[in-house]
Amino acid sequence: DAGITQSPRHKVTETGTPVTLRCHQTENHRYMYWYRQDPGHGLRLIHYSYGVKDTDKGEVSDGYSVSRSKTEDFLLTLESATSSQTSVYFCAISESRGEKLFFGSGTQLSVL
Amino acid sequence: QKEVEQDPGPLSVPEGAIVSLNCTYSNSAFQYFMWYRQYSRKGPELLMYTYSSGNKEDGRFTAQVDKSSKYISLFIRDSQPSDSATYLCAMSDGGYQKVTFGTGTKLQVIP
């Protein structure tokens, strides 16, 4: 998976608890992204980063925050998890903007 | 109406068949077109990447883009059971980070 590691791979949590997902890359790519994948909706962009400490919102950013303190790490935080955030979360990286994306293996998150 | 439309399938074909997967789109600004393959419980992997209109071939795979009709296709020749996966089309205007994905077509190749 192009030097991308997501952790954890699976997580079950309760409504109202905070959750942090981690993405680590070894490719030194500038751009990093968080997507969620749901049946009938495909992949939807949550947040993305275009450099250390440079982030912006995607199309489904409500309820999520991100941080990037190092080139290789991009964190996604659910401040107070809700059942609607049950999904598969993918991290992706790219060398150039808007172009070829390389994905991690995903995190299956269940919010009960 | 979604920006990118893709038939979800499932599509079931016998081994050796030619497979045609398609997407239509509405945004005329799209100029980068991609196909991703996603195996069950795995992340999508980039299969084909095309800029603007035309054809691109890579082994058994051919990607076609018709910008005048806003229609892209992926052809798989001599399909194999290992091709069984979900295929996602994706496209971008090359602008700020936004890649728009289709919902995916599930393909099953039967031995």
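Our structure is the block above this text.
These numbers come from a predicted model, not from an experiment.

Caption draft 1: Here's a closer look at the overall build of chain B. When helices and strands are counted, chain B shows zero helices and eleven strands. From first element to last, N terminus to C terminus, chain B shows the α and β order β-β-β-β-β-β-β-β-β-β-β. The C-alpha radius of gyration computed for chain B amounts to 13 Å, which stays within 12% of the reference 13 Å derived for 111 residues, consistent with globular compactness. Overall size of chain B, expressed as C-alpha extent along the three principal axes, is 40 × 30 × 25 Å. Within chain B, buried positions represent 45% of all 111 residues. Sequence separation of at least 24 residues holds for 54% of the intrachain contacts in chain B that already meet a minimum separation of 6.

Caption draft 2: Representation of the side chain of Thr105(B). Secondary-structure assignment places Thr105(B) in strand E11 (residues 105–110). Excluding anything up to four places from it in sequence, Thr105(B) contacts Gln6(B), Asp7(B), Pro8(B), Gly9(B), Leu21(B), Ala85(B), Thr86(B) and Tyr87(B).

Caption draft 3: Quick peek at the side chain of Thr100(B). Residues and elements named next belong to chain B. For Thr-100, the position within the fold is in strand E10 (residues 99–101). Look at Thr-100 and you get buried, because its relative accessible area is 10%. In this view, Thr-100 contacts Glu-3, Val-4, Phe-30, Cys-89, Ala-90 and Met-91; residues no more than four positions away in its chain are not counted.

Caption draft 4: The arrangement of the state of the cysteines in detail. For the structure shown, the criterion picks out two disulfides over all chains. Disulfide partner of Cys23(A): Cys91(A), at an S-S distance of 1.9 Å. Between Cys23(A) and Cys91(A), the S-S torsion sits near -70°, and that sign places the bridge as left-handed. Here Cys23(A), found in strand E3 (residues 19–25), pairs with Cys91(A), found in strand E9 (residues 87–94); they are 68 residues apart in sequence, far enough to count as distant. What pairs with Cys23(B) in a disulfide is Cys89(B), and their sulfur atoms sit 2.0 Å apart. In this structure, the disulfide formed by Cys23(B) and Cys89(B) twists by about -100° around the S-S bond and is classed as left-handed. Of the two residues, Cys23(B) sits in strand E3 (residues 19–25) while Cys89(B) sits in strand E9 (residues 85–92), which places them 66 residues apart along the sequence. Taken as a pair, Cys23(B) and Cys89(B) share a single burial class, namely buried.

Caption draft 5: The arrangement of the packing of aromatic side chains in detail. For the structure on display, the rule yields 13 aromatic pairs over all chains. One aromatic cluster in this structure is built from Tyr33(A), Tyr35(A), Phe90(A), Phe103(A), Tyr36(B) and Phe101(B). One Lys or Arg, Lys100(A), reaches over the ring of Tyr49(B) and ends 4.7 Å from the middle of that ring.

Caption draft 6: Region of interest: the interface of chain A and chain B. Residue-level contacts link 22 residues of chain A with 22 residues of chain B. Scanning the region where chain A abuts chain B turns up zero salt bridges. Summed over the shared surface of chain A and chain B, the result is three residue pairs in polar contact (both at pLDDT 80 or more). When residues of the side of chain A that touches chain B are traced back to their parent elements, those giving at least two are strand E4 (31–38) and strand E5 (42–51) of chain A.

Caption draft 7: Structural detail: the sheet that holds strand E8 (residues 71–76) of chain B. Residue and element names in this part refer to chain B. Ordered in space as E1-E3-E8-E7-E6, the five strands form an open sheet in which the pairing is antiparallel. Edge positions in the open sheet fall to strand E1 (4–6) and strand E6 (54–58), since each of these has one partner strand only. Strand-to-strand twist of the sheet, defined as the mean angle between neighbouring strand axes without regard to direction, takes the value 15°. The pairing of E3 with E8 spans six bridges and is classified as antiparallel. Looking at E8, one finds that Ser-20 is bridged to Phe-75.

Caption draft 8: Broad picture of the nonpolar core. Core analysis: the largest hydrophobic core is formed by 24 residues, its most contacted members being Trp35(B), Ile72(B), Leu74(B), Tyr87(B) and Met91(B). In contact with Ile72(B), other than residues within four places in its own chain, are Leu21(B), Asn22(B), Cys23(B), Tyr25(B), Phe33(B), Trp35(B), Gln64(B), Val65(B), Cys89(B) and Met91(B).

Caption draft 9: Inspection of unusual backbone geometry at higher detail. With an omega of -10°, the peptide bond between Ser7(A) and Pro8(A) qualifies as cis. Locating Pro8(A) in the fold gives a position in the loop between strand E1 (4–7) and strand E2 (10–13). Here Gly9(B) and Pro10(B) are connected by a cis peptide whose omega angle stands at 10°. Tracing the chain through its elements places Pro10(B) in the loop between E1 and strand E2 (11–14). Although it is not a glycine, Asn28(A) adopts a positive phi angle of roughly 60°.

Reading the values: the criteria
- Per chain, residue numbering runs from 1 following the sequence as it is written.
- Each chain takes a letter, starting from A, and each ligand takes a number, starting from 1, following the order in which they are written.
- Per-residue local features of the predicted model are confined to residues with pLDDT of at least 70, and side-chain atom pairs are confined, for both listing and counting, to 80 or more; whole-chain, interface and lining totals are unaffected and use all residues.
- With hydrogens and water excluded, all non-hydrogen atoms of the structure serve as input to the side-chain values.
- Here a helix means four or more residues in a row that DSSP labels H or I, a strand means two or more in a row labelled E, and each is numbered from the N terminus.
- Radius of gyration: C-alpha atoms only; globule rule: 2.2 Å multiplied by the number of residues to the exponent 0.38.
- Relative accessibility under 20% of the residue-type maximum defines a buried residue, over 50% an exposed one, and the middle range a partly exposed one, all with a 1.4 Å probe and only protein chains included.
- By definition in these notes, contact holds between two residues if any of their heavy atoms fall within 4.5 Å.
- Only a pair of cysteine sulfur atoms within 2.5 Å counts as a disulfide in this structure description.
- Between rings of Phe, Tyr and Trp, where Trp is taken as its six-membered ring, a pair exists when centres lie within 6.5 Å; planes separated by under 30 degrees are stacked, by over 60 edge-to-face, and by other angles tilted.
- Our definition puts a charge over a ring when NZ of Lys or CZ of Arg is within 6 Å of the ring centre and also within 35 degrees of the ring normal.
- Salt bridges are counted wherever a side-chain nitrogen of Lys or Arg sits within 4 Å of a carboxyl oxygen of Asp or Glu.
- Counted as a polar contact is a pair of N or O atoms within 3.5 Å, where, for protein atoms, one must be capable of donating a hydrogen and the other of accepting one, and residues adjacent in sequence contribute only when both atoms are in side chains.
- At least two bridges found by DSSP between two strands is the condition for calling them paired.
- Only the contacting stretch of a helix is used when fitting its axis, a line to C-alpha atoms as for every element, and angles between N-to-C directions run 0 to 180 degrees.
- Put simply, buried Ala, Val, Leu, Ile, Met, Phe, Trp, Tyr and Cys residues joined by side-chain atoms within 4.5 Å make one nonpolar core.

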